[in-house]
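Here is what each chain is made of, one letter per residue.
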Amino acid sequence: MREASVVKDPGVPPGSFFDLAYRHEPADDYVRLKWSPSGKRRWVRPRGSRQASWLLQAYVVAMFVLPTDAAIQVIGAQGYAAALVAMLMFAAWLITALFGLHDPIHSRYPVRGALAFLWVASLISYVAMPFFGPSPTQRLSADRWLMLLIAASGIILVAGEHLRAPRDILRVVRAFVYGAAFSGFVAVLQFFAHFDIKPYLRMVLIGFNSGGADISLTPRDALLRVSGTANHPIEFGVTAAMVLPLAIWLGFFDRERSLVKRWAPAGLIGVCLALSVSRSAILTVLISIGLMVALLPARFRVWILGVAPFAAVGVMAVTPGYLKTMVSFTSMGGDDPSITNRTNNYPRVAALVSESPYFGHGGGTFLPADATKILDNQYLKTSIELGLVGVFALILYFLVPAISALIARASHKDDAFRGLCAALAGGCLAAAVGCTAFDGFSFPQFTSAHALMLGLCGAVWLYAQRARLSDSQVAGASPAGASSAGPAVIETRILVPAGGPEIVGKPSNLSSLRKETSL
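Residues numbered from 1 in each chain as written. Predicted model: local features only at pLDDT ≥ 70, side-chain atom pairs only at ≥ 80, totals over all residues. Heavy atoms only, no water.

1. Here we look at the overall build of the protein
Note the following rule: Counting from the N terminus, the helices are the DSSP runs of H or I reaching at least four residues and the strands are the DSSP runs of E reaching at least two. It only takes one pair of heavy atoms within 4.5 Å for two residues to be counted as in contact. The method behind every accessible area is Shrake-Rupley, applied with a 1.4 Å probe, and residues are considered shielded solely by the protein chains displayed.
On a plain count of helices and strands, the protein comes out with 20 helices and nine strands. Once local pairs closer than 6 in sequence are excluded, the contacts in the protein between residues at least 24 apart make up 75%. Accessible area for the protein stands at about 21,400 Å²; split by element, carbon and sulfur atoms hold 67% of it.

Encoded structure:
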C-alpha cells in the first residue's frame, strides 16, 4: 500500500493531533495500524468516524444557517431543522448499538454519565407529573422536554463515541466555527445595513412555520441589538462566547488553512459579542476566553493579551455608543428593571419548589402567562420543573464535560490537542455561567450548540484515553503474540489514535490489554 501524504509543516510535530489530522488519501483518517498473522501492517479506519463527521456537519448547517424559529407545526417548538437532524442521529446511534455495529458499553466517558443522570431526573419527574394536575399545554411541553433530551443525546452520543479520527474531529470543529461565523455575518448585515436575511432562509424550509414575533432587530438605548440567525440577542451572544475559543484555537493551530481562512471566522464571531449588546455575552466570553488563555502556552497568551486591547478599540470604533451603553446598563445595579424582575421572582420560585422539592412538576411545565414572570435563569427554572435533584443533575451536565476536557488535556503532551481541550472546557464553563442570566434550554440554537460542545468533550476524552497506550507497550504485545496460523487467531482491536497498532494475537496474550483499552 502506498504511503499516506502528509502536510509538510515544520510547526506540526510528527505524530501530533494535527499531523494525523492532515494526512490525505488514502490514509487521511486511518489512525490505527493492524498487525496481520504474517507480520505485515496496514492502515485501518475507525469504524463510522467519517460518517459521523458528515452527519454532524449537516447538523451544524441546520443549526446556524436554517432559522431555528421555523418548526413543523404538528411537532411544535422541537420541530426545527437542527432538532430533527439530531433526533435522527439518536435513532441511528440506537440502531447501530442494537445491531452490534457499535459497542457503547465499552465506550465509557463522564459526559455520558452526566447525560444519563439528567435523563433519570427528567423521567422520574415526568412520571410524577400527573399528581400535580398538569394542563394539556403543560403535558405537551413536558413531551417536548423529552424530545429536547433525545436530540441532545443524539449529538452527544454520536460525536462522543463515533468521532475517533483526528481529521474528523477537525472537520466538525471547522464546521462548528464556520457556522457561528455565518451567524456573525448575518448579524453584520442586520446591524450595519438593517437587512435581515432570515426571512429568505426560511423560504428553504418548506412545510415549516415560524411562530412568534421576530426580534432579530431590537433597539437598546442608543444601539440596535441584532440576533444573527438565533432567536434572541442574548442567545446569539452567549452562543458566540461559547464558540469563540474554538475559533481562536483554529486560528493558532490549523496551519492547513491560510491566515484569512483561519482568523476571519474568529473576527466575525467576536463581532457577534458586541452586536448582541448583551451583558450575558460579555460575562460568558470573559469566562471562556479567560480559561483558555490561562491554559494556553505562554507564546499564545502573550499574543492574545497583546491583540485584545486593539480588538476592544475596534469594536468601539465600529459601534459608536457601545461602551456608554454597556457601562450604563452594568452600573444601574438594583435600578435595572431586568435585574429587579429577576430578584422579585425569587419568593415565587421558592414557593413553587416547596410544593415538590425533590423531583419538581415535570420538565418544561413552567409556562408563565405573564412575561414579567419568565425566569431568566435556567437553574431556577429547572428547580421548579425537575426539583433539587434535577438542579444537581443540571450542574453535573454543565460541569462534568468541562472537567473531563481538562483531564484529557492533562493526560496529553501535544500543544494542539491540549489547546482544543482548553477551548472546549472554556466553552462549557461559559455555558454554565451564562445560564444564570437566561433560561438557556428555552433557546434552540444555544441548546444545539451546547450539545455539540458536550459531544466534542466526550470525543477528546476517549481520544486521550486511547492514547494512553504508548507505542512501546503495544509493540511489545503485538509481534510476539502474532501467529501464522490464520484460523487459530482471534482478532482483538485496540484503538490508539497516535499511530499505535491494531493488534491481532491470541486471547491469552491480549486479555489484560483488551480490558485496558476497551473505551
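2. Side note on the packing of aromatic side chains
Threshold: Aromatic contacts are taken between Phe, Tyr and Trp rings whose centres are within 6.5 Å, Trp giving its six-membered ring; a plane angle under 30 degrees counts as stacked, one over 60 as edge-to-face, and the others as tilted. For every residue, the accessible area obtained with a 1.4 Å probe (protein chains only) is divided by the maximum for its type, and the residue is called buried under 20%, exposed over 50%, and partly exposed between those limits.
Counting across every chain of the model gives 19 aromatic pairs. The interplanar angle of 40 degrees and the centroid separation of 5.3 Å between the aromatic rings of phenylalanine 438 and phenylalanine 443 together place this pair among those described as tilted. A residue is classified by how much of its surface remains accessible, and phenylalanine 443, at 16% relative accessible area, is buried. Grouping aromatic residues by their ring pairs yields a cluster made of Trp249, Phe252, Phe253, Trp263, Phe300 and Trp303.

3. Comments concerning the side chain of arginine 112
What counts, and what does not: What qualifies as a polar contact is a pair of N or O atoms within 3.5 Å, subject to a donor-acceptor requirement within protein and to the restriction that residues adjacent in sequence count only when both atoms come from side chains.
Structurally, arginine 112 is set in helix 4 (residues 110-128). From its side chain, arginine 112 meets the backbone oxygen of proline 104 in a polar contact 2.8 Å long. Here arginine 112 is in contact with Pro104, Ile105, Ser107, Leu157 and Glu161, once residues within four sequence places are set aside.

4. Brief notes about the confidence of the model for the protein
Low-pLDDT portions of the prediction should not be read for the details of their coordinates. So the rule is basically this: Think of pLDDT as the predictor's per-residue confidence, scored from 0 to 100.
The predicted model of the protein has a mean per-residue pLDDT of 80, with 75% of residues at 70 or higher. Here residues 24-36 is a poorly scored stretch, pLDDT under 50, and it has 73 contacts once near neighbours within four places are set aside; other chains count. This stretch, residues 41-45, has a pLDDT under 50; its non-local contacts, to residues over four places away or in other chains, come to 22 contacts.

5. What to know about unusual backbone geometry
The backbone of histidine 194 sits at a positive phi, close to 55 degrees, despite the residue not being glycine. As for its placement among the helices and strands, histidine 194 is situated in the loop between helix 6 (166-192) and helix 7 (198-202).

6. So, empty space enclosed by the protein
Here is the rule: Put simply, the grid is 1 Å and covers the protein atoms alone, a cavity is a trapped set of points that fit a 1.4 Å probe, a pocket is an open set with protein on both sides within 12 Å along at least five of seven lines, and lining residues have an atom within 4 Å of a point. Grid points are joined across faces, edges and corners, and a volume is the space filled by probe spheres set on the points. Asp, Glu, Lys and Arg are counted as charged, while Ala, Val, Leu, Ile, Met, Phe, Trp, Tyr, Cys and Pro are counted as nonpolar; the rest, among them Gly, fall into the polar class.
Considering all chains together, one arrives at five cavities of 30 Å³ or more under this definition. The calculated volume of the largest cavity comes to roughly 70 Å³. Lining the largest cavity are 13 residues, and of these Tyr59, Tyr80, Ala151, Ala152 and Ser448 lie nearest its centre. If you list the elements that add at least two residues to the lining of the largest cavity, you get helix 3 (81-98), helix 5 (136-162) and helix 18 (444-466). If one sorts the elements of the lining of the largest cavity by residue count, helix 5 sits on top with four residues. By volume, the second largest cavity is sized at about 60 Å³. Along the walls of the second largest cavity sit Phe64, Ala180, Ser183, Phe236, Thr239, Ala240, Val243, Ile269, Cys272 and Gln445, which together make up its complete lining. Residue contributions to the lining of the second largest cavity peak at four residues, all from helix 8 (residues 233-253). When grouped by side-chain class, the residues that make up the lining of the second largest cavity number seven nonpolar, three polar and no charged.

7. Structural notes on the nonpolar core
Counted only if it meets this: Only buried residues count toward a nonpolar core. Its members are Ala, Val, Leu, Ile, Met, Phe, Trp, Tyr and Cys residues joined through side-chain atoms within 4.5 Å.
Ranked by size, the top nonpolar core spans 119 residues in total, and within it Phe176, Trp249 and Leu452 carry the most contacts. In terms of residues, this core owes the most to one element, helix 8, which gives 15 residues. The contacts of leucine 452, once residues within four sequence positions are left out, are Leu56, Tyr59, Val60, Met63, Ile155, Val172 and Phe176. Of all hydrophobic cores here, the second largest spans six residues; its members include Val353, Leu375, Leu380 and Ile384.

8. Focus on the pattern of salt bridges
Opposite charge on two side chains allows them to pair when their charged atoms are near. Condition: When a carboxyl oxygen of Asp or Glu is within 4 Å of a side-chain nitrogen of Lys or Arg, the pair counts as a salt bridge.
Counted according to the given criterion, the structure contains eight salt bridges. The partner of glutamate 161 in a salt bridge is arginine 112, and the shortest N-O contact between them spans 2.9 Å. Within this pair, whereas glutamate 161 is found in helix 5, its partner arginine 112 is found in helix 4, the two being separated by 49 residues in sequence. Note on glutamate 161: relative accessible area 0%, which makes it buried. Of the charged contacts, one joins lysine 381 and glutamate 385 as a salt bridge, the two residues approaching to 2.7 Å between their closest N and O atoms. One end of the pair is lysine 381 and the other is glutamate 385, both in helix 15 (residues 378-385) and four residues apart, which spans about a single turn. The pair formed by lysine 381 and glutamate 385 is uniform in burial state, with each residue classed as buried. One network of salt bridges, in which partners are shared, links Arg167, Arg174, Asp254 and Glu256.

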